[in-house]
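Coordinates in review
Listed below, chain by chain, are the residues.
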Amino acid sequence: MIIDVSDIAQNKMLLNESNKKLSYKSRIDGLTGLLNRVSWEQTLAEELQSLKLDEERTSTLLMFDIDFFKKVNDNYGHCVGDEVIRHTADLAVSSSRATDSVGRYGGEEFAVLLPNTCHEQAMYFAQRLRKRVEKSQLETEQGALNYTISVGICEYRANKLNTTTEWIAAADEALYESKQAGRNTVSLYCHE
């Protein structure tokens, strides 16, 4: 049996390319192209460890979701609902920096990690994103669709947030405050 070394090298190269594609696809949300929840949470865990090692740095976490999303699906259908999710993801990415990590947390909920960003800077980012969503229109067969988002913000605080679960819960609590305040608003988690 004669083995062609060039065939082995080519097959190895194709296998490596396939593995890279599979690795990429396993990290990305299929609908939006954002990091999926598992990959985004891994990024958050890495940032938290980095923050614990360097107490001079801070980072801020945003959780946001689409207001009254169920009504979008009920009134326009799930295909339009998917377009709203994709549109929101596009606005989040175009509003963020290359160093930020934008992920789809689940359903119509998104998460954005802003490294080296204090809560004042994060508030500016969140308000800008909120206003961009509010002013945007999505064209549908039933006409133009406008929608809004609500945002919760939590800046990392050493000795206050020890786990990613605590950090996410704090940002989620601020998101809930935005919902309670009437939606289409941004709320900041206050460390006690």
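Everything here concerns the structure above.
Procedures and definitions
Residues numbered from 1 in each chain as written. Predicted model: local features only at pLDDT ≥ 70, side-chain atom pairs only at ≥ 80, totals over all residues. Heavy atoms only, no water. Core = buried A, V, L, I, M, F, W, Y, C linked by side-chain atoms within 4.5 Å. Buried < 20%, exposed > 50% of the residue type's maximum accessible area, 1.4 Å probe, protein only. Helix = DSSP H or I, 4+ residues; strand = E, 2+ residues; numbered from the N terminus. Contact = heavy atoms within 4.5 Å. Axes fitted to C-alpha atoms, helices over the stretch in contact; angles between N-to-C directions. Parallel < 35°, antiparallel > 145°, perpendicular 65-115°, else oblique. Salt bridge = Lys/Arg side-chain N within 4 Å of Asp/Glu carboxyl O.

**Thoughts on the nonpolar core**
Core analysis: the biggest nonpolar cluster contains 28 residues, and Leu62, Phe64, Ile66, Val84, Leu129 and Val151 have the highest contact counts within it. Listing elements by their share of this core, those giving two or more residues are strand 1 (60-66), helix 3 (69-76), helix 4 (78-95), strand 3 (109-114), helix 5 (119-135) and strand 6 (149-155). When residues in this core are grouped by element, the largest group, six residues, is from helix 4. Leaving out residues up to four positions away in the same chain, Leu62 has contacts with Phe110, Ala111, Val112, Leu114, Ala122, Phe125, Ala126, Val151, Gly152 and Ile153. One finds Ile28, Tyr105, Cys154 and Ala171 within the second-largest nonpolar core, a separate group that totals 19 residues.

**Points about the environment of Ile28**
Mapped onto the secondary structure, Ile28 falls in the loop between helix 1 (5-27) and helix 2 (37-53). Judged by relative accessible area, which is 18%, Ile28 ranks as buried. Put simply, Ile28 and Arg104 are 76 residues apart on the chain and 9.0 Å apart in space, counted from C-alpha to C-alpha. Every residue in contact with Ile28, bar those within four places of it in the chain, is listed here: Gly33, Leu34, Leu35 and Asn36.

**Thoughts on the packing of helix 3 against helix 4**
At their nearest, the axes of helix 3 and helix 4 sit 7 Å apart, and the two run at 140° to each other. Taken together, helix 3 and helix 4 sit at an angle that is classed as oblique. Packed against helix 3, whose contacting residues are Phe69, Val72, Asn73 and Tyr76, the element helix 4 presents His78, Val80, Gly81, Val84 and Ile85 at the interface.

**What to know about the pattern of salt bridges**
Enumeration according to the criterion identifies 10 salt bridges in this entry. A salt bridge links Glu134 to Arg130; the nearest nitrogen and oxygen atoms lie 3.6 Å apart. Separated by four residues within a single helix, Glu134 and Arg130 lie in helix 5, roughly one turn from each other. With relative accessibility at 33%, the residue Glu134 sits in the partly exposed group. Residue class for Arg130 comes out buried when judged on its relative accessible area of 11%. In this structure, a network of salt bridges that share partners links the residues Asp65, Asp67 and Lys179.

Keep in mind that these numbers describe shape and distance, not what the molecule does.
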